[in-house]
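Structural features, examined
Okay, here's what each chain looks like letter by letter:
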Amino acid sequence: MAKYKTEQIRNVALLGHGGAGKTTLTEALLFKTGAIGRMGRVEDGSTVSDWDAEEHRRGISINLSVIPVEFETLKINLIDAPGYQDFVGEVISSLFAAEAGLLVVDAVSGCQVGTELAYDRLRELQKPRIVFVNRMDRENANFTNAVQSMRTTLGDEKIVPFQIPIGAAESFQGVVSLIEMKAYLGPEGKEAPIPADYQAEAEEARITLVEAAAEADDELILKYLEGEELTIDEVRHGLHVGVKNCAITPVYCGTATGGIGLERLMQSLRRYVPAPNERSVTGAKDGSEIQLESDRNGPVAGAVFKTIIDRYVGRMNYVRVFSGKIARDAQIANARTGRTVRVANLFSVRGKELQNLDELVAGDIGVMTKLEDVQTGDTLCAPEQVVTVTLPSYPRPLYSVAVAPVSQNDSAKMGPSLTSVAEEDPTLRYQNISATKQTVLQGMGETHVDVAVHRMAQKFGTNVETAAPKVPYQETVTKSASAQYRHKKQTGGAGQFAEVHLRVEPLPAGGYEFASEVFGGAISNSFFPSIEKGIKSVLDNGVIAGYPVVDVKAIVFDGKEHPVDSKDIAFQTAGREVFKMAFKAANPVLLEPIYIVEVTVPDEYMGDVMSDFNTRRGRVLGMEQKSNRTVVRATVPLSEIMRYSTDLRSMTQGRGVYTIEFDHYEPVPSLLNSTLGSCGLS
Ligand SMILES: Nc1nc2c(ncn2[C@@H]2O[C@H](COP(=O)(O)OP(=O)(O)OP(=O)(O)O)[C@@H](O)[C@H]2O)c(=O)[nH]1
Ligand SMILES: [Mg+2]
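What this report covers is the structure whose coordinates are included nearby.

Criteria and cut-off values
- Residues numbered from 1 in each chain as written.
- Chains lettered and ligands numbered in written order.
- Predicted model: local features only at pLDDT ≥ 70, side-chain atom pairs only at ≥ 80, totals over all residues.
- Heavy atoms only, no water.
- Helix = DSSP H or I, 4+ residues; strand = E, 2+ residues; numbered from the N terminus.
- Expected span 1.5 Å × (residues − 1).
- Buried < 20%, exposed > 50% of the residue type's maximum accessible area, 1.4 Å probe, protein only.
- Contact = heavy atoms within 4.5 Å.
- Phe/Tyr/Trp six-rings, centres within 6.5 Å; stacked < 30°, edge-to-face > 60°.
- Lys NZ or Arg CZ within 6 Å of the ring centre and 35° of its normal.
- Near = heavy atom within 4 Å.
- Polar contact = N/O pair within 3.5 Å; in protein donor to acceptor, adjacent residues only side chain to side chain.
- Areas by Shrake-Rupley, 256 points an atom, 1.4 Å probe, with all protein chains shown as cover.
- Nonpolar A, V, L, I, M, F, W, Y, C, P; charged D, E, K, R; others polar.

Focus: helix 13 (residues 568–585)
- Along its 18 residues, helix 13 runs 26 Å from first to last C-alpha, staying within 8% of the 26 Å computed at 1.5 Å per residue.
- All of the buried residues in helix 13 are A570, F571, Q572, T573, A574, G575, E577, V578, F579, A582 and F583.
- Next to the buried residues of helix 13 lie strand 29 (474–477), strand 30 (481–489), strand 31 (496–506), helix 12 (528–539), strand 33 (552–560) and strand 34 (588–602).

Considering helix 4 (residues 113–125)
- In a regular helix each residue adds 1.5 Å, so 13 residues correspond to 18 Å; helix 4 covers 18 Å between its end C-alpha atoms and thus fits that length.
- One or two steps after helix 4, the chain reaches Q126, where phi turns positive at roughly 55°.

Section: the packing of aromatic side chains
- Under the criterion given, the structure shown has 12 aromatic pairs.
- Seen in terms of ring centroids, F162 and Y272 are 5.7 Å apart; in terms of plane orientation they differ by 85°. Their pairing is edge-to-face. You can see F162 sitting in the loop between strand 6 (159–161) and strand 7 (163–166) and its partner Y272 sitting in helix 9 (residues 262–272), a full 110 residues away along the chain.
- For F162, a relative accessible area of 1% translates into the label buried.
- Taking the ring centre of Y119 as reference, the NZ or CZ of R129 above it sits at 5.0 Å.

Let's talk about the site of ligand 1
- Close to ligand 1 lie 21 residues, the nearest being K22, T24, E43, G83 and R135.
- Here G21 contributes a backbone N or O atom positioned 2.9 Å from an oxygen atom of ligand 1.
- In this structure, an oxygen atom belonging to ligand 1 sits 2.7 Å away from a main-chain N or O atom of G83.
- Coverage of ligand 1 by the protein amounts to 87% of the 650 Å² it exposes when considered alone.
- The element contributing the most residues to the shell around ligand 1 is helix 1 (residues 22–32), with three residues.
- Class assignment of the residues belonging to the shell around ligand 1 gives a composition of five nonpolar, 11 polar and five charged.

See the structure below:
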């Protein structure tokens with residue numbers, strides 16, 4: 001690969017619904033630019049981009065993949081992101097490293113959920129976007145419908161065709177450029193006059209294009225409104241401004257497998273994707289916010305946006321340099337840890353291929369290997385000039401499974417393997433939940449977690465079983481109650497004697513408290529720690545249903561001891577048992593975790609979401625309008641939303657997204673207590 005300056009680099013994220021053809025398109029562009037001699041196929045697991053075993057097994061992209069193509073004087077880093085919703089973390093990382101998005105849309109299905117979610121992200125981030133309507137060779141391909149479905153669903157009229165197709169399905173043979181009003185035919189994109197039967201359609205479509213160009217520039221709109229014809233260069237200029245300002249979304253078309261329309265697409269990436277030095281990113285230095293320009297002489301700032309733990313290569317950190325340059329053998333600091341490391345291994349990357357690199361300049365993407373304790377989200381900078389790049393935020397996990405090692409051998413490896421899969425993915429987490437004594441793996445959905453479990457087995461040699469996680473209930477009391485317990489063992493040999501009178505009370509402030517109201521020395525001071533030890537041995541495992549006890553105060557108010565047989569173990573036993581008795585008499589209840597759920601859905605699903613919450617013991621807190629979507633906020637018990645990701649997808653045909661956040665604990669309604677198998681509850 002040749003050497004490229006910052007201004008010769010383009011970073012573009014390929015986004016869109018699963019199966020629209022993003023990976024195949026990267027393969028086709030590699031083939032078109034001569035980087036590969038033969039096109040691989042997703043179905044055979046032979047593409048450059050989908051190189052992971054799990055991707056081959058499932059036939060979809062799971063990781064983002066960096067695919068640089070060399071085109072004319074440019075290096076275009078294509079970042080192929082997965083379309084499946086669970087892998088949203090990869091989409092966020094891809095967009096972080098790119099200046100623009102290439103939205104791939106299927107010519108038969110038009111705008112799909114994945115298109116909508118990706119478009120919303122680009123709109124939110126104010127990143128320019130280009131649409132490629134792919135699979136024009138398929139039966140029922142319809143470019144006009146695809147464009148219209150995007151305008152309607154995305155509520156954006158400035159989605160403007162820059163081309164129209166010539167033919168569709170098996171007769172698809174090329175495109176008409178509405179800027180130059182010329183046809184480009186076949187995989188070579190051979191220039192030709194517009195076929196007669198497309199002339200009228202092209203002229204009509206060009207009106208919309210010229211209008212959009214005029215509206216993007218004050219001078220042009222004046223000229224346009226005065227009825228003057230804009231020159232091709234003026235149209236180009238208007239479009240250039242409009243696309244880069246996110247006011248216009250150009251639409252191209254073609255077929256990745258057929259190789260048609262790709263030349264024009266590459267030209268559009270060259271023209272409309274901003275060079276890294278046309279954009280700055282927010283960072284921080286000495287606690288204050290700074291803007292980092294993509295200048296090779298600026299302060300060194302390389303952000304790690306992806307980490308892969310490879311069995312052979314070890315840790316691979318994908319780095320996008322936002323300012324300055326990083327050379328091989330340079331000393332760089334990790335802004336998070338403050339540690340300095342030497343860049344011993346610096347590579348350019350294409351799929352799983354790594355090629356040695358001497359220097360990674362501002363604007364470019366590369367891989368560093370074997371850097372200790374460098375994680376996704378870290379900023380690498382010069383030791384003497386610590387700066388950080390502000391990171392995107394990743395959603396909190398939505399779906400959990402309990403994982404348990406299959407064998408003794410696996411149990412030793414489970415912790416490190418969980419750490420590795422979590423390090424590879426900022427939307428994956430794991431936790432040891434003491435309340436339920438389970439290790440829980442959390443992700444964005446069922447498939448996401450399933451992939452992680454497979455990776456633990458394949459990549460890290462750890463087999464785990466999964467199960468539905470238990471809800472981390474808690475136990476507490478709702479009124480004050482007393483009990484007394486005598487522990488007596490005096491049947492020859494070392495005797496044991498202890499009698500404790502104890503009251504438990506609710507502790508609204510939360511937590512646990514122990515107190516004594518014993519006067520007159522009924523129990524020696526030395527035995528109070530024993531009594532408390534006995535009580536504490538119950539707190540973790542609970543009294544009524546095996547869940548941790550919270551928000552109680554235990555007060556010893558009387559008791560008896562024996563001069564010889566009273567000892568630590570006797571008062572521990574008495575403390576434990578009297579606490580259980582008093583607890584059961586104090587109207588104990590189970591507390592369940594209540595989460596705030598925020599669901600964002602297209603307006604037409606709002607009613608379904610609301611009524612569904614009612615069936616989940618939910619309380620709607622409020623609603624908010626967000627362009628053509630409604631945001632519904634509700635509090636819902638965790639036990640009712642364990643499978644919400646799957647349910648919401650089917651309720652909204654995948655168009656609903658949501659977040660969850662723990663809010664508070666609340667008593668479980670008494671009716672439900674029996675189903676929770678808890679005994680002696682009020
Ligand atoms: N007929 C036709 N099929 C295509 C074209 N492009 C891609 N495909 C097929 O569409 C299917 C999905 O292609 P992918 O490239 O995996 O799609 P993707 O967008 O990367 O999907 P995800 O990785 O799941 O997001 C594969 O079977 C491809 O062979 C095309 O232009 N025409
Ligand atoms: Mg793919």
